[in-house]
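# Chains, contacts and geometry: an overview
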Amino acid sequence: MINKIARNTAFILIPAAAAALLLPWENLSFSLLIGGLLGILNIKALAWSIEGIIKTSSVTMKMLFFSQLRFVILALIVVLLVYLRLATIAGIMAGFSVVFSQVLFVGHHNAGTTEKNS
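Report follows, based on the coordinates. Predicted model only: the values in this text are computed from it and were never measured. (Residues numbered from 1 in each chain as written. Predicted model: local features only at pLDDT ≥ 70, side-chain atom pairs only at ≥ 80, totals over all residues. Heavy atoms only, no water.)

### Looking at the overall build of the protein chain
- Per the secondary structure count, the protein chain includes 4 helices and 0 strands.
- Helices and strands appear in the protein chain in the N-to-C order α-α-α-α.
- When its C-alpha atoms are laid out on the principal axes, the protein chain stretches across 50 × 40 × 15 Å.
- The buried share of the protein chain, reckoned over its 118 residues, is 26%.
- Taking as baseline every contact in the protein chain between residues at least 6 positions apart, the subset at least 24 positions apart corresponds to 72%.
- A total accessible area of about 8,200 Å² is found for the protein chain, and carbon and sulfur atoms account for 73% of it. (Helix = DSSP H or I, 4+ residues; strand = E, 2+ residues; numbered from the N terminus. Buried < 20%, exposed > 50% of the residue type's maximum accessible area, 1.4 Å probe, protein only. Contact = heavy atoms within 4.5 Å. Areas by Shrake-Rupley, 256 points an atom, 1.4 Å probe, with all protein chains shown as cover.)

Following this line, the structure appears as structure tokens:
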């Protein structure tokens, strides 16, 4: 499912980033792509954490630590990119939003498929 989310996100963000090159906003296309990439990496890390919880049937300190570490690293990357003026917050948030919308779309579509097969 994560691969489908990544593929759908790429189909949306790559043309959007190409179109953003024509706009006067500096670094918008790069920001869109970075936001999408960070969103996909975050979803993959979240899926890894959930798989660990399901397999062990309990939350360990290691999982809690990595969850907090994932958030801190994500925040540091965003702050660093904005501080160095390599990316814009609006572009990064737009990239995140595309990933989030694809999570909802693909998740809803797969849930409907599962219900029909039951």
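After presenting the structure, the write-up continues.
### Considerations on unusual backbone geometry
- The residue Asn27 is not glycine, and still its phi comes out positive at about 65°.
- The residue Asn27 is located in the loop between α1 (2-20) and α2 (28-56) in this model.
- By relative accessible area, which is 28% here, Asn27 ends up partly exposed.
- The backbone of Arg85 sits at a positive phi, close to 60°, despite the residue not being glycine.
- Along the chain, Arg85 falls in the loop between α3 (61-83) and α4 (89-117).

### Some words on the packing of α2 against α3
- Relative orientation of the contacting elements α2 and α3 amounts to 175°, with a least axis distance of 10 Å. In terms of orientation, α2 lies roughly antiparallel with respect to α3. Of the residues in α3, those touching α2 at Phe30, Ile34, Leu38, Asn42, Ala45, Leu46, Trp48, Ser49, Gly52, Ile53 and Thr56 are Met63, Phe66, Arg70, Leu74, Ile77, Val78 and Leu81.
- In terms of residue class, the contact of α2 with α3 is built from 13 nonpolar, 4 polar and 1 charged. (Axes fitted to C-alpha atoms, helices over the stretch in contact; angles between N-to-C directions. Parallel < 35°, antiparallel > 145°, perpendicular 65-115°, else oblique. Nonpolar A, V, L, I, M, F, W, Y, C, P; charged D, E, K, R; others polar.)

### With respect to α2
- Taking 1.5 Å per residue, 29 residues should reach 42 Å; α2 reaches 42 Å between its end C-alpha atoms and fits that length.
- Taken together, the buried positions of α2 are Leu28, Ser29, Ser31, Leu32, Ile34, Gly35, Gly36, Leu38, Gly39, Ile40, Ser49 and Gly52. (Expected span 1.5 Å × (residues − 1).)

### Focus: a nonpolar patch on the surface
- A cluster of nonpolar residues, Trp48, Phe65, Phe66, Leu69, Ile73 and Ile77, forms a patch on the protein surface that exposes about 560 Å² of accessible area.
- It is α3 that contributes the most residues to the nonpolar patch, 5 residues altogether.
- With respect to the helices and strands, Ile77 occurs in helix α3.
- With a relative accessible area of 33%, Ile77 lands in the partly exposed category. (Patch = residues over 30% accessible without salt bridge, like charges linked within 9 Å, V, L, I, M, F, W, Y side chains within 5 Å. Salt bridge = Lys/Arg side-chain N within 4 Å of Asp/Glu carboxyl O.)

### Examining the nonpolar core
- Counting 8 residues, the largest nonpolar core consists of Ile34, Leu38, Leu74, Val78, Leu81, Ala87, Ile92 and Phe96.
- Among the elements of the structure, α2, α3 and α4 are those that each provide at least two residues to this core.
- Residues contacting Leu38, with those up to four places away along its chain left out, are Leu74, Ile77, Val78 and Phe96.
- Core analysis: the second largest hydrophobic core is formed by 5 residues, Leu13, Leu28, Leu32 and Val98 among them. (Core = buried A, V, L, I, M, F, W, Y, C linked by side-chain atoms within 4.5 Å.)

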